[in-house]
Amino acid sequence: MTAVGANIWIWESPITDRAIAETAPRVKELGFDLIELPVEESGGWDPGHAAELLAEHGLGASLCCVMPPGRDLAVSDREVVRTTQDYLRHCVDVAATIASPVVAGPMYAAVGRLWRLSDGERPQLLARVAEALRPVAEHAGERGIQLAIEPLNRYETSLINTVEQGLELVSAVDSSACGLLLDTFHMNIEEKDPAAAASAAGAEIAHVHACGTDRGSPGADRFDWPGFSAALGGAGYAGPLCIESFTADNETIATAASIWRPLAASPDQLAADGLRFLRATFSA
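Thresholds, definitions, all that
- Residues numbered from 1 in each chain as written.
- Predicted model: local features only at pLDDT ≥ 70, side-chain atom pairs only at ≥ 80, totals over all residues.
- Heavy atoms only, no water.
- Helix = DSSP H or I, 4+ residues; strand = E, 2+ residues; numbered from the N terminus.
- Contact = heavy atoms within 4.5 Å.
- Pairing = 2+ DSSP bridges.
- Axes fitted to C-alpha atoms, helices over the stretch in contact; angles between N-to-C directions.
- Buried < 20%, exposed > 50% of the residue type's maximum accessible area, 1.4 Å probe, protein only.
- Phe/Tyr/Trp six-rings, centres within 6.5 Å; stacked < 30°, edge-to-face > 60°.
- Lys NZ or Arg CZ within 6 Å of the ring centre and 35° of its normal.
- Polar contact = N/O pair within 3.5 Å; in protein donor to acceptor, adjacent residues only side chain to side chain.
- Expected span 1.5 Å × (residues − 1).

If you trace the backbone, Phe-277 turns up in helix H10 (residues 267–282). Each C-alpha atom of the pair Phe-277 and Leu-59 lies 20 Å from the other, and the pair is 218 residues apart in sequence. Ignoring sequence-local partners within four residues, the contact set of Phe-277 consists of Pro-218, Gly-219 and Trp-225.

Glancing now at the sheet that holds strand E2 (residues 34–39). Backbone hydrogen bonds hold the strands of a sheet together, and the pairing may be parallel or antiparallel. Taken in spatial order, the eight strands line up as E1-E2-E3-E4-E5-E6-E7-E8 and close into a barrel, and their pairing is parallel. For this sheet the average axis-to-axis angle between neighbouring strands, irrespective of direction, equals 30°. Examined bridge by bridge, strand E6 (residues 178–183) and strand E7 (residues 205–209) share four bridges and lie parallel to one another. By the bridge assignment, Leu-181 is partnered in E7 with His-207. Against the sheet, helix H5 (residues 163–173) touches strand E5 (146–149) and E6, its axis set at about 165° to E6.

Below, the discussion takes up the environment of Leu-126. Of note, Leu-126 is situated in helix H4 (residues 121–143). In the structure, Leu-126 is positioned 58 residues away from Thr-184 in sequence and 23 Å away in space, judged by C-alpha atoms. Once residues lying within four places of it in the same chain are set aside, the contact partners of Leu-126 are Leu-159, Ile-160, Glu-168 and Leu-169.

The amide bond that connects Ser-13 to the next residue, Pro-14, takes the cis arrangement and shows omega of 0°. For Pro-14, the location among the structural elements is in the loop between strand E1 (4–7) and helix H1 (17–30). Phi is positive for Asp-174, which is not a glycine, with a value near 55°. Structurally, the position occupied by Asp-174 is in the loop between H5 and E6. Residue classification places Asp-174 among the exposed residues on the basis of a relative accessible area of 66%. Here Arg-215, not a glycine, exhibits a phi torsion of approximately 75°, which is positive.

Quick look at the environment of Gly-212 now. Among the structural elements, Gly-212 can be located in the loop between E7 and helix H8 (225–235). Residue classification places Gly-212 among the buried positions, given a relative accessible area of 0%. Separated by 178 residues in sequence, Gly-212 and Leu-34 have C-alpha atoms that sit 19 Å apart. In this structure, Gly-212 is in contact with Phe-185, Ser-217, Pro-218 and Asp-221, ignoring residues within four places of it in sequence.

The geometry of two aromatic rings is summed up by the distance between their centres and the angle between their planes. On inspection of all chains with the given rule, the structure shows six aromatic pairs. Considering the side-chain rings of Trp-225 and Phe-228, the 6.2 Å spacing of their centres and the 85° angle between planes classify their relative orientation as edge-to-face. Note that Trp-225 and Phe-228 are positioned in helix H8 at a spacing of three residues, about one turn of the helix. An identical accessibility class is assigned to Trp-225 and Phe-228; each is buried. Taken together, a centroid distance of 6.4 Å and an interplanar angle of 75° make the contact between Trp-225 and Phe-282 edge-to-face. Placement of Trp-225 in helix H8 and of Phe-282 in helix H10 is noted, with a sequence separation of 57 residues between them. The exposure class of Trp-225 is buried, given its relative accessible area of 2%. By relative accessible area, Phe-282 is classed as buried at 12%. Through a chain of ring-to-ring contacts, the aromatic side chains of Phe-223, Trp-225, Phe-228, Phe-277 and Phe-282 assemble into a single cluster. The cationic tip of Arg-113 hangs over the ring face of Trp-115; the distance from NZ or CZ to the ring centre is 4.0 Å.

Examined against the element boundaries, Ser-62 turns out to sit in strand E3 (residues 60–65). Side chain to side chain, Ser-62 and Glu-36 meet in a polar contact 2.7 Å long.

This part covers H10. With 16 residues, H10 extends 22 Å from end C-alpha to end C-alpha; this agrees with the ideal 22 Å at 1.5 Å per step. Among the residues making up H10, those that are buried are Leu-270, Ala-271, Ala-272, Gly-274, Leu-275, Leu-278, Arg-279, Thr-281 and Phe-282. For H10, the secondary structure elements touched by its buried residues are E1, H1, H8 and strand E8 (241–243).

Here you go:
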């Protein structure tokens, strides 16, 4: 049976020790196999304490990085690149502590930074990002962690929007510790055929976010879930599916993710409905 996880952002932000302690038992009670924890700020929560809590509740973990303004590898400012690399290495160390096999996210540029990018500029910028990611991937490989690079939709980044573009960066990094995160919300916007894109990603798939097309529950939408499930199976992906959505009750995260209305009657309902759908669809 495919493992299914829930990102803590469905309920809470910012992520603190208290938030993890209160949310982990709820995630377990709802029937999830793992919880996904973001590293919003280095030191925002105690990885050792989180690992103990997850073990207590029998939950696995996945971990995602967060790329606000000021965290960016697609810039010429060496200090910004250096601090971003340090942050990503910290994420790798946290992932190792909580037994997450991946660090997932758009680790190439700040989310929301948009600019015109010519065909000639793109290869140069991808080469710059790949060079900056290689030492992070090396550190990840030493810790048994895989980087999962996430393509985002055109309204959130100019650089990596599609699986094809993500594969270009993965190829340029050229490390077994670097693969792709597929997020169905972004794929629904950018891919002409999400199932075909998942098939093209193949063995490079390192992590999957299963989200509704409105960022709500997967299944309450018109996404081709059976086709996507078949594509993941054909690609040999055996990792978890994580529901990533965002609470509308926190102004900062709701604004960042453009959550202007509640996406379900409650966060618990969003998570539970999505879990039931994913269990049924991906166990068939």
